[in-house]
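These are the residues of each chain, in order.
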Amino acid sequence: MHARLSLVAAAIALSLPVQALAADERVFDVPKGRLSTALPVMSRQAGISISVMDAKLWQSRVKPVRGRMSVEKAIKRLLGGTDARAVRVSATSWRIERRLVAPRLAHRPSPAPQQAPQPRAREPSHDIVAAARDEIIVTASKTDTPYSHFAGVVTQLSGGDLAFGGERGMDSILSRTATVSSTHLGSGRNKLFIRGIADSSFTGPTQSTVGQYLGDIRLSYNAPDPDLRLYDVDNVEILEGPQGTLYGAGSLGGIIRVVPKAPDPRAMSVQAIAGVSLTQHGDPGGDIAAIANLPVGDNGHALRLVGYMLTDGGYIDNPLRGQNDVNRVHVRGGRGAFRFDAGDDWTVDLGGVYQSIKSIDAQYADKAAEPLTRNSMVEQNASARYGLGTIVVMKDWDGLHFQSSNAFIDHRLFERFDASLPEAPPGSVISAGAVDVERLFAPIQITPLSDVPRVLDQRNATRMFVSENRLSRRYHDGLGWVVGASFIDNRARQNREYGYGSLRAVLPGVTNKITEVTGYAEATVEVIPDLVAAGGIRLSHARLGGMAEGVSFALAQAGRATTASRNETDLLPSFSLLATPLHNLRLYARYQEGFRPGGLAVDGNFVRRFLNDQVRTWEAGIRIGDNRQSLFDASLAVSHSIWRNIQADFIDSTGFPTTANIGDGHITSVSGALAMRPTAALTFELGAVYNHSRVDNLTLEILPVFDSAPGRLGRIPNVATHAMRGSVNYATVIGDEDFRVNGWANYIGPSRLGIGPVLGESQGDYIDTGLAMRIGNDRRGLSLTLTNLFDSRGNRFSLGTPFVEGNAGFMTPLRPRTLRIAVDVAY
């Protein structure tokens, strides 16, 4: 009760009037030349992001800017004498557009003159995909390639859009894209998939199929999604399809790159957000966050800090234990970055991230029970702790950019599963996994095993050091390139044990080690006008090793050949073509590869080795329209992937999850997006994806698992055959306040839980809806969000616990209808 009153009190306190701080001036030294060369320098020195609407403006000759002045004055001086003008989009974001198109954007009459100070930019939401003529810069290309010259599908989500309606971590991204999907075991425990490239439901030793990055820092190697909260984020870029050339192992399906806001030496600012949420059929929750930007001295140094606390109220009841709303989740975390301007265009960023997630109990329910109800003998709690420390060194000179990104990651995950035994006939042997339970606990058995709660505890610990150094030429004048080298050292350990009352029985575990050294290069060239070609290559050499944990010395010695170190070398080429035959039409084709190294997995009383797998993808697409300027824009992409030696988790013949190469697969994916803007204030968006997949050529080692259910292998798991997303966004001005409302609906089609007869359960086939609105300005605002409008149940995930018979009876429902009321203020 005290915690809830504190949240309400914080919300009231934060709504009190505040006074704005005047923006400090900044020292500029931007040389004259082409806009494509001067603009990145201006952006870095001003600490802002700048987008260019018309690709032809990149060739404009601009004036030098030197001296101390405001950002607005510096941009105006830079563009003086050109056909371009600057429009402020937000406090740290500007847009440059051609002056001649200004009348096309002025759909709303306004009594204010054009030169009125601080004009407001009415921007529609662009949650689905960046269109052809909107010169969004694809920073994930590592050469800052304009999207108009990028062959592929890129979704760029602004930080403001992600925060609109309440920050929800990875769920904020999932609700805004049709091609990204996830398991739903629980926050900090999920696996992400893009465009149908999915492997399994468990947190095993396999590397993720999606690369996750915070800026240019890799977040994990073979650990689940840490589900970092997306406070104070500039944007999120999603690149679909394999990205092996630039990002290496673990990017089979694509990458998700979160770009946090950088420390700003120009001015001090403080922002706070507080909200209270009410969940139907469940407990209330709340969230509070604070963001501070602090200039340090007068030499371009700055510190930026983010802190947050969230509580999601539970809504699952457990009558067997006499408990209600058991699945409450607590999230605590923060992020800090210090920018040191070393002079001579050298910059050093020191950063850190820490987040803790505690789930009091599991979020699944029993299909046969009452809605939102599960009968479990034990509390299935989980906790995840993620820590990250970074050092990034950068320098710009003569049109070149050098960057060295280095990080150390410590990621720990604890999970408890219900492993209670079903009631067995007298004289029968009760066994689960590789352990004969009655024989194991026979000396101390007092009551039947089926009457005593039993748990299986699993602990995963990952430590990784990663370093990438690259030199690049930002794309301009028809050329961009990057060369780089990276080093990764990753150690992942998984331990498991049974708990029977106060007794513990250690089960076999496994440790995987990998050291990877990589070199890569890629170039983008405008071969002839309106034809852009790109090509690259990556050479990776990895040393793999590991050991079995919790096994006898004799067994470990007998299996030394399995755990012995070995080497792998992979070569990943890529190439693409992009043509612009008409003003608003772009066609592209690309080929890309991705891979994951092999490793060790628990297999009964010891471990098994699995091999590396590889994806080869051919893709073609079309983009039509002028985003933000034309009535509509659209995109369509078709891809076909061949997946060799698929690494996947499944339930083996002993009843335990394990990992192996199950065979080969084929995935065909068709995705499309459409945005319409009938007025400057109103936007309609629609996105859809269709996935067709098939697993064939089963390996001999897993055939016995499927003998009892021939023909049930079929599709690759955890990816819906089809999904759709639609949204409506309306933004206007009421008096002196901005008003925005956004409504969305997502349909997730049917999918399968996993590989094999035990995990062959269906899931998906549900609709998720939401409505969010905010009224206020840049300094304060009041927002209201309502999710799951129709209070539907659905089944997001069919896995509860793999260690209890009756696994087919589990489901993970949607969070019931939830109302959130929040205030935000900025100083």
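Reading the values: the criteria
Residues numbered from 1 in each chain as written. Predicted model: local features only at pLDDT ≥ 70, side-chain atom pairs only at ≥ 80, totals over all residues. Heavy atoms only, no water. Helix = DSSP H or I, 4+ residues; strand = E, 2+ residues; numbered from the N terminus. Contact = heavy atoms within 4.5 Å. Areas by Shrake-Rupley, 256 points an atom, 1.4 Å probe, with all protein chains shown as cover. Pairing = 2+ DSSP bridges. Buried < 20%, exposed > 50% of the residue type's maximum accessible area, 1.4 Å probe, protein only. Phe/Tyr/Trp six-rings, centres within 6.5 Å; stacked < 30°, edge-to-face > 60°. Lys NZ or Arg CZ within 6 Å of the ring centre and 35° of its normal. Expected span 1.5 Å × (residues − 1). Core = buried A, V, L, I, M, F, W, Y, C linked by side-chain atoms within 4.5 Å. Polar contact = N/O pair within 3.5 Å; in protein donor to acceptor, adjacent residues only side chain to side chain. Arc of directions from axis to C-beta. Patch = residues over 30% accessible without salt bridge, like charges linked within 9 Å, V, L, I, M, F, W, Y side chains within 5 Å. Salt bridge = Lys/Arg side-chain N within 4 Å of Asp/Glu carboxyl O. pLDDT = per-residue confidence, 0-100. Axes fitted to C-alpha atoms, helices over the stretch in contact; angles between N-to-C directions. Parallel < 35°, antiparallel > 145°, perpendicular 65-115°, else oblique. Nonpolar A, V, L, I, M, F, W, Y, C, P; charged D, E, K, R; others polar.

Novice: Is there a simple way to think about the overall build of the protein in this case?
Specialist: Counting its secondary structure elements, the protein contains 11 helices and 46 strands. By sequence separation, contacts in the protein at least 24 residues apart represent 69% of the contacts at least 6 residues apart. A total accessible area of about 32700 Å² is found for the protein, and carbon and sulfur atoms account for 59% of it.

Novice: I tried to follow the sheet that holds strand β10 (residues 154-158) on my own but got confused; where do I start?
Specialist: Two orientations exist for strands paired in a sheet by backbone hydrogen bonds: parallel and antiparallel. Taken together, five strands build an open sheet; the order of strands is β10-β15-β16-β13-β14 and the sheet is mixed. Single-partner strands in this sheet number two, and they are β10 and β14 (217-218). Note: strand β15 (residues 233-240) against strand β16 (residues 254-260), seven bridges, orientation antiparallel. Across the sheet, Val233 pairs through a bridge with Pro260, a residue of β16.

Novice: I'm lost on the pairing of strand β7 (residues 93-98) in this one. Help?
Specialist: Within a regular beta strand, the side chains point alternately toward one face of the sheet and then the other, so they alternate between its two faces. Counting buried positions over the six residues of β7 gives six, a clear majority of the element. Across the two faces of β7 the burial is the same, with Ser93, Arg95 and Glu97 and Trp94, Ile96 and Arg98 all buried. Bridge analysis of strand β3 (residues 49-52) against β7 gives four bridges, and the strand direction is parallel. Bridging across to β7, Ile50 finds its partner in Trp94.

Novice: When you look at the packing of aromatic side chains in this model, what are you seeing that I'm missing?
Specialist: The way to describe two aromatic rings as a pair is by their centre distance and the angle between their planes. In the structure shown here, the tally under the stated rule is seven aromatic pairs. Relative to Trp618, the ring of Tyr591 has its centre 5.1 Å away and its plane inclined at 50 degrees; by these criteria the two rings are tilted. Of this pair, Tyr591 sits in strand β32 (residues 585-596) while Trp618 is found in strand β35 (residues 613-625), placing the two residues 27 residues apart along the sequence. By the ring-pair criterion, three or more aromatic residues cluster together here, those being Phe575, Tyr591 and Trp618. In this structure, Arg623 is placed above the aromatic ring of Tyr147, and the distance from its NZ or CZ to the ring centre is 4.0 Å. It is Arg740 that lies over the ring of Phe164; its NZ or CZ is 4.2 Å from the centre.

Novice: Honestly, helix α2 (residues 35-46) in this entry has me stumped. Any pointers?
Specialist: Counting along an α-helix, one turn takes 3.6 residues, and residues three or four places apart therefore face a common direction. Its 12 residues give α2 an end-to-end C-alpha distance of 15 Å, which sits within 8% of 16 Å, the value for a rise of 1.5 Å per residue. For α2, the set of buried residues is Leu35, Ser36, Ala38, Leu39, Val41, Met42, Ser43, Gln45 and Ala46.

Novice: Would you mind showing me how to read the nonpolar core here?
Specialist: Taken as a class, soluble globular proteins show a tendency for nonpolar side chains to be buried jointly. Within the largest apolar cluster, 36 residues are counted, with the highest numbers of intra-cluster contacts made by Ile173, Val236, Ile238, Ile256, Leu388 and Ile409. Among residues more than four places away in sequence, those in contact with Val236 are Thr155, Gln156, Leu157, Leu162, Ile173, Ile256, Arg257 and Val258. In this structure, Val30, Leu39, Met69 and Val71 belong to the second largest nonpolar core, which totals 25 residues.

Novice: Explain the side chain of His476 to me, please; I cannot follow it from the model alone.
Specialist: As for its placement among the helices and strands, His476 is situated in strand β27 (residues 454-476). Judged by its relative accessible area of 9%, His476 is buried. For His476, the contacting residues outside a window of four places in its chain are Ser36 and Thr37.

Novice: Would you mind going over the side chain of Arg229 with me for this structure?
Specialist: Locating Arg229 in the fold gives a position in the loop between β14 and β15. A polar side-chain atom of Arg229 sits 3.1 Å from a polar atom in the side chain of Asp227. Once residues lying within four places of it in the same chain are set aside, the contact partners of Arg229 are Glu167, Arg168, Gly169, Ser187, Tyr308, Leu310, Val331, Arg335 and Gln355.

Novice: Please explain helix α3 (residues 71-79) as it appears in this structure.
Specialist: When α3 is considered as a whole, its buried residues turn out to be Val71, Ala74, Ile75, Leu78 and Leu79. Along the axis of α3, the buried positions cluster into a sector of 125 degrees, meaning they face one direction only. Phi for Gly81, located one or two positions after α3, is positive at around 85 degrees.

Novice: What should I look at first to understand a nonpolar patch on the surface in this one?
Specialist: On the surface, a nonpolar cluster with roughly 730 Å² of combined accessible area is contributed by Ile624, Leu631, Phe632, Leu674, Met676, Phe684, Leu686, Met724 and Val728. Of all elements in the fold, only β39 (664-676), β40 (682-696) and β41 (722-734) reach the threshold of two or more residues within the nonpolar patch. Here Met676 shows up in strand β39. Take Met676: its relative accessible area is 37%, and that puts it in the partly exposed class.

Novice: What exactly am I supposed to notice about the confidence of the model for the protein here?
Specialist: Detailed conclusions should not be drawn from predicted coordinates in areas where pLDDT is low. Mean pLDDT over the protein stands at 84; residues scoring 70 or higher make up 83%. Low confidence marks residues 1-23, where pLDDT is under 50. Its contacts with residues over four positions away, or in another chain, come to 30 contacts.

Novice: What exactly am I supposed to notice about unusual backbone geometry here?
Specialist: If a residue is not glycine, its phi is most likely negative; likewise, a peptide bond is most likely trans. In this structure, Lys142 takes a positive phi of about 70 degrees despite not being glycine. A positive phi angle, near 55 degrees, is found at Asn645, a position not held by glycine. Within the element layout of this structure, Asn645 appears in the loop between β36 (632-644) and β37 (647-651). For Asn645, a relative accessible area of 32% translates into the label partly exposed.

Novice: In this structure, what is going on with the environment of Ser671? I would like to understand it.
Specialist: Turning to its location among the elements, Ser671 is positioned in strand β39. On the accessibility criterion, Ser671 (8% relative accessible area) is buried. Expressed as a C-alpha distance, the spacing of Ser671 and Val689, which sit 18 residues apart in the sequence, is 4.2 Å. Setting aside residues up to four positions removed in sequence, Ser671 forms contacts with Thr179, Glu240, Ser635, Leu636, Ala637, Ala688 and Val689.

Novice: Help me understand the pairing of strand β46 (residues 818-826), please; the structure alone is not making it clear to me.
Specialist: With respect to burial, β46 is a largely interior element, seven of its nine residues being buried. Examined bridge by bridge, strand β17 (residues 269-279) and β46 share nine bridges and lie antiparallel to one another. By the bridge assignment for β46, Ala274 is matched with Val823.

Novice: Looking at this structure, how should I read the pattern of salt bridges?
Specialist: It is possible for side chains of opposite charge to pair when their charged atoms get near one another. If you walk through the whole model with that rule in mind, you get 38 salt bridges. Members of the salt-bridge network, linked through shared partners, are Lys142, Asp216, Glu237, Arg257, Glu468 and Arg470.

Novice: Before we go on, may I ask you to explain the environment of Tyr315 in this structure?
Specialist: For Tyr315, the position within the fold is in the loop between β19 (301-312) and β20 (329-343). When the C-alpha positions of Tyr315 and Pro816 are compared, they lie 7.7 Å apart, and in sequence the two are 501 residues distant. With residues near it in sequence (within four places) discarded, Tyr315 still touches His281, Gly282, Asp325, Asn327, Gln363, Leu372, Arg796, Pro813, Leu814, Arg815 and Pro816.

Novice: How do you make sense of the packing of α2 against α3 when you look at a structure like this?
Specialist: Packed helix pairs are characterised by how far apart their axes lie and by the angle those axes make with each other. Between α2 and α3, the least distance of the axes is 12 Å, while the angle of their chain directions is 170 degrees. Our classification of the angle between α2 and α3 gives roughly antiparallel. Contact residues: α2 offers Leu35, Ala38, Leu39, Met42 and Ala46, while α3 offers Val71, Ala74, Ile75, Leu78 and Leu79. Here the residues of the contact of α2 with α3 are counted per class, giving 10 nonpolar, no polar and no charged.

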